[in-house]
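Residues per chain, in single letters:
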Amino acid sequence: MKHPLAHQLWKRGDVFVWITGVTLAFSVIMVTMLVLCLLLNGLETFWPKTLYRFSLKEDKVALGQITGREATYIQGKAEEGTRYRVQLKQANRDVYGIDFIWVDEDQILDRKSPSQALVIERREWGDFYGFIKEVQSGGEVIARGHAEGMAALDRLLPRITGIWDRLERIEKNEIGAINYKLEKNRLKLRKLALKGINLGEQVAEIERKIAGLQEEYKNKEEGLVSLRAQLAGNLVMTTAEGTEKVIPLNQVFRVYSPNTFGIFSKLRFFGGKIVDFISQDPRESNTEGGVFPAIFGTVLMVFLMSLFATPLGVLAGFYLREYAAQGFFVSMVRIAVNNLAGVPSIVFGVFGVGFFIYFIGGSIDKMFFAESLPAPTFGTGGILWASLTMALLTVPVVIVSTEEGLASVPKGVREGSLALGATKFETTMKVVLPAVSPSILTGLILAMARAAGEVAPLMITGVVKMAPALPIDGFWPFIHLDRKFMHLGFHIFDVGFQSPNVDAARAMVFATTLLLILLVLLLNLAAIFLRNRIRRKLEVSAV
Amino acid sequence: MFNSLLKLRPGLPFSVANRVRSTSAAIGRRLVVDRMAGTVVTFGGWVIILSILAILVVILAEVYPLFKDPEIHFEYKLPPAAQGQVPFALGVGEYREIAYQIHSGGIEFYSLQTRKPLEPMTIQGLGEARITGVAQSAAQWLVLGLSDGRVLPLRVEFVVSYPEGSRMVVPKLEEGIPLQVREAGQPVELLSMVEKSGGGYVLAVLSAPSTLSILDVTLKKNLMGGVRRSETKREVTLPVGGGISTLTLNEPGDKVYVGTTQGQIIAVDLDHLPEGIQTVGASKNAQVGVTYLGFLNGGYTLIMGDSEGGVHSYHVNKDDGDRLVSIFDFHPHSAAVIAMSPSRRDKGFLTLGRDGAIQYHYATTGSSQYTLTRPGVTDYRAVALAPKNDGVVSADAEGNIYHWTVDNPHPSVNLKSLFGKLRYEGYSQEAYVWQSTGGTDDFESKFSLVPLILGTIKGTIYALLFALPIALLGAFYTSQFAHRRVREIVKPTIELMASLPSVILGFFGALVIAPQLERLLPGLVLMPFLVIGLVFLVLLVYEKLTANRMRWVRPGFEIVILIPIALLAGILSFYLGFLVESFFLGGDYRSWLLTVFNVTYDQRNAIVVGLAMGFAVIPIIFTIAEDSLSNVPSHLRAGSLAMGATAWQTAVRVILPVASPGIFSAIMIGFGRAVGETMIVLMATGNTPVTDWSIFNGFRALSANIAVELPEAPEGGSLFRILFLAAFILFVMTFIVNTLAEWVRLRLRERYRVL
């Protein structure tokens, strides 16, 4: 170190201070970039993107939305300057086979954004991008070209969507109810058969019921057929190259022309898409549509988890601080509880599988659900077991924060209450508990945030990619704790990693990620806010 | 009044007595409630304590059967139905309902459940002849060698039906066409048979002291539904010294392995005669003869028994002229080995010795797991392992049948197969392999946990390599140099990072970091150097500019200028990375890596995991380290500063030594978290269970392995229990680390109190 200033900086250590500071700067940058990246990508999913019509070399054309751009290298030729290519979502999976393509930028002659270009969201096969040729209804062409066609669609679509929704309702609710009752009655028959009753009044009664239900089922089916007949009507579209494609109107979910959107219609569309995303069922093997069942499953699982974890955690916290004699044993337990918080989540999952599912669930099945064996009822993964596993995983959080809360309640308060003649229980309930309840709540919220984001133990205790029915529905006993459920975190894993069309799934994954991150961050912020309020209150009361 | 009340209710809080108006009944109720509440709370506390124990107990209970010794129970001895016959072979049905014995006079069936002989069945093709030898193929056919020089193929089938809902098994015999292989009057004693995959079979028979007759019967179905049968017969004379004592065909039926009384193993390549005859193995010396040769299930491992009772296994080395490679010497018998019965589902087999012992060995692990003997019985002639490995049947010279039940559900698993290197079939050397499922029926599951444990350690190390410097230095800065207001913003931000669900980090790692990293890796490597250089430079310029003047960056707010510097350095280093790549690494660092270091680059590799896991680990280490650093009693710091030390000198020489146990505990807890992390390693690696340390390749961790395989593992099977063992290992690893960290932290708290 010849340079005197440098030497001085080295000696004083300022350089090192700055270097340590830079690592902190890095952490902050990392978090910010992560959150920004997820936020932008997630929100972008809902934003209507311009449809470009590209004229390419060799007389090719392409219609699509730009979804990415990257540099391409030709080996050993980097010095000639980097070239870029863009990723297009050209949709029309049933026409082209693939819905995402890469186009080299030097292939592109020009690009336009034709106002007549339409995005058609379909119930199957993903989006369709193209232009309206004609609209058919009842075997006749009722509208030609863009303007007429749009008007006709505006007229026809609401009615068809209405019928479609009714059909779905009938299929899901009414026929679903019949199927459910049929299954119940069949199980009753088996139960009787297991008891050795194969004949008699009871059996005949059930068989009569089954016959009645089957009759009802047939009637409903006929009703469906007549309703389906009203769904006629076709939309004839042309792609950018001019290929015609007939799309049945009942397959059309939504039609819009992004290129005509002003900023307000874009915003409205954006809002509408977000609402759809939150409130609708997934389509196209989870890569499109909404995530309502996953939200529902996550929330219900977290709720059940809280139901188990809170009382247990609070009791344990009170036991450790207020009731147990402090000593070696209690400090051992405290270490064990802290340890429990550090046990990998997958280990809890494994415990859940071994204990809840196979041991307890298996026993329940043998005792109460023998009629449906060998198909397991509780002897397989389900929301109850997942919640219990999760409760065990999160209970240390509740215990620790309860204990912290109890530790900060001054001893004098308790002694005062006891001195006035209250029993220990009364002191606990009326004096201590109100004082620690914010801490308990903080712990609970943190536990909920942990449970909402944890996936690994759920993967083996009852989460599925597509649950046929929600765990709560209109059939007795309304809450079906044995059912498998969907979960936002698992949804991310499944759609992002198990789906065959990764590009198409990407948008969905980002959107789900954003939702989950918002949920978790919101819960955490609530906990931090609450904790700060408690601290402030304690500071005041200490004075 | 007071006195009487106190006398009435001893143990009552004194203050209660003040409430004269309350009746004793009300007080009683309150006390009962109080006591009940105490019980409930204590119960709640104990539930937690018990559930911690339960986790350990449940997991261990599932693991325990893996290591349990086999349970063997001798059932009974059945007398023979016909006297004076010599038994040759035994067979057992799928559920051990029926067994059969082939002896010199024919075949006999027994019900193992009712312990009675079944209705006798006659073998039509036998005629006047007696049975003199039997060969069993891997499938249902067997071949009888007869005293009149003929051989007779025979199929024993167990037909299962459910009349009136209960299971019934009836034996059925199907006879093939007998063939004359030796001259009439010359008994066929030594023979071997395999079925060909297209139909038909190959038969090898010892027809003269050193001559083999090879019969090849091909059955071809023609379009009309008829079967065309063609047979070829060849004779091979072997140049052997001593007699031929045993022979066996390999599974495709193109080679015969012959053992001699002088201890040679000779392979006869039937497709390359006459030159394809060579000695491929030998017993330890010429005095020890080969007494038994036979292939195990899958047809790859050859088992040799010798006249001294030794049991050895060999693999056929296809690369080295089919020479036999010696694999294991099993626990020997004390007299010659005379028979073997391989398992049909794994690599286990029974050997039978002249010493009257039946031993069970497992070929992959080289272990001999149990020995069956009956007092006074030394002349067993035949032995059979039940198809589900759950029983053993043997027959002595008089035809008495002995029946054992065996409970040995996980024969392939022991410490050696879980943690040791094994030479599996088809492998040219010993290896650690995890491969739980395979495409074919005779696939052997390979359950070495070593690649998974190494994977876990690899992921953890690379994650910590990235996370430790950032987290610890960041915590050091935050606690020692940052202004209070900076700390109030930075700390919660980083703590919030801890709450990010790992599935999101995994997703981010795999779909955002991985593709970017593939582009930006050279820049990333340059980044630390560039950042430090730039910081130094900026500091130098800054000092020069602000010498003896007002500083525009207040101490503690350096971060304000450092964030832009870090961003700038980041962008610069990526740009520089591209330059370096195109000028020094030939335009593509991946092909450069491949040519210079011979490393391949996976897109989802350990760096991606390290970076993604960094997000999960940094906040934890940061928080704990920061806490222990800023909790150092302030008078130490004040004292040091007062003595004239600079802030940096104080921090490094005073604060750091005091807080170092806290930092250790932070590292430990970060380690524990990284070890158990599941979703990130599951999503951001390729999940291939390999044992290599290359930072550019993926791996499979214990945790991810559990998540992937447990849903598909049948309950109670070996895989299921091994996954529980994996969970147990994870539990223990994190438990030790966390307890250590907790203990250190408690000690530290004590130390601060004293200071």
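The rules behind each value
Residues numbered from 1 in each chain as written. Chains lettered and ligands numbered in written order. Predicted model: local features only at pLDDT ≥ 70, side-chain atom pairs only at ≥ 80, totals over all residues. Heavy atoms only, no water. Phe/Tyr/Trp six-rings, centres within 6.5 Å; stacked < 30°, edge-to-face > 60°. Helix = DSSP H or I, 4+ residues; strand = E, 2+ residues; numbered from the N terminus. Buried < 20%, exposed > 50% of the residue type's maximum accessible area, 1.4 Å probe, protein only. Lys NZ or Arg CZ within 6 Å of the ring centre and 35° of its normal. Contact = heavy atoms within 4.5 Å. Buried area = accessible area lost by both parts, 1.4 Å probe. Salt bridge = Lys/Arg side-chain N within 4 Å of Asp/Glu carboxyl O. Polar contact = N/O pair within 3.5 Å; in protein donor to acceptor, adjacent residues only side chain to side chain. Pairing = 2+ DSSP bridges. Axes fitted to C-alpha atoms, helices over the stretch in contact; angles between N-to-C directions. Domains from an automatic or database assignment.

Draft legend 1. Molecular detail of the packing of aromatic side chains. Considering all chains together, one arrives at 45 aromatic pairs over all chains under this definition. For the ring pair A:Phe46 and A:Phe270, a centre distance of 6.3 Å and an interplane angle of 75° mean the geometry is edge-to-face. With a gap of 224 residues between them, A:Phe46 in the loop between α2 (14-44) and β1 (52-56) and A:Phe270 in helix α6 (residues 263-279) connect regions that are remote in the sequence. Comparing A:Phe46 with A:Phe270 shows no difference in burial state: the two are buried. One aromatic cluster is present, formed by A:Phe351, A:Phe355, A:Phe356, A:Phe359, A:Phe369, A:Phe378 and A:Trp385 through successive ring pairs. The ring of B:Phe74 is capped by B:Arg374, whose NZ or CZ atom sits 3.6 Å from the centre of that ring. The lysine or arginine in question, B:Lys446, covers the ring of B:Tyr424, its NZ or CZ lying 5.6 Å from the ring centre.

Draft legend 2. Examining the interface of chain A and chain B more closely. Tallying the contact residues gives 94 residues for chain A and 105 residues for chain B. Interface area for chain A against chain B, summed over the two sides, is near 8,700 Å², with a carbon-plus-sulfur share of 82%. At the boundary of chain A and chain B, one finds one salt bridge. The shortest N-O distance in the salt bridge between B:Arg30 and A:Glu426 comes to 2.7 Å. Our enumeration of links across chain A and chain B arrives at ten residue pairs in polar contact (both at pLDDT 80 or more).

Draft legend 3. Geometry of the sheet that holds strand β24 (residues 348-353) of chain B. Residue and element names in this part refer to chain B. Spatial ordering of the open sheet is given by β23-β24-β25-β26, a layout of four strands whose pairing is antiparallel. Two strands close off the open sheet at either side, each with one partner strand: β23 (337-342) and β26 (367-372). Here the average twist between neighbouring strands, direction ignored, is 25°.

Draft legend 4. Focus on the side chain of A:Asn524. Mapped onto the elements of the fold, A:Asn524 is located in helix α15 (residues 502-542). Looking at A:Asn524, the relative accessible area reads 7%, which means it is buried. Setting aside its immediate chain neighbours within four residues, A:Asn524 contacts A:Leu446, A:Ala449, B:Leu496 and B:Ser499.

Draft legend 5. The domain arrangement of chain B, seen in detail. Structurally, chain B comprises domain 1 (2-67), domain 2 (71-419) and domain 3 (449-750). Centre-to-centre separation of domain 1 of chain B and domain 2 of chain B, based on C-alpha positions: 69 Å.

Draft legend 6. Layout of the sheet that holds strand β27 (residues 380-385) of chain B. Residue and element names in this part refer to chain B. Read from one edge of the open sheet, four strands run β1-β29-β28-β27, paired in antiparallel fashion. On the outer flanks of this sheet lie β1 (71-78) and β27, each paired with one strand and no other. Each neighbouring strand pair of the sheet contributes to a mean axis angle of 20°, computed without reference to strand direction. In this sheet, strand β29 (residues 401-407) lies alongside β1 in antiparallel orientation, the contact comprising seven bridges. In the strand pairing of β29, Leu78 is matched with Ile401.

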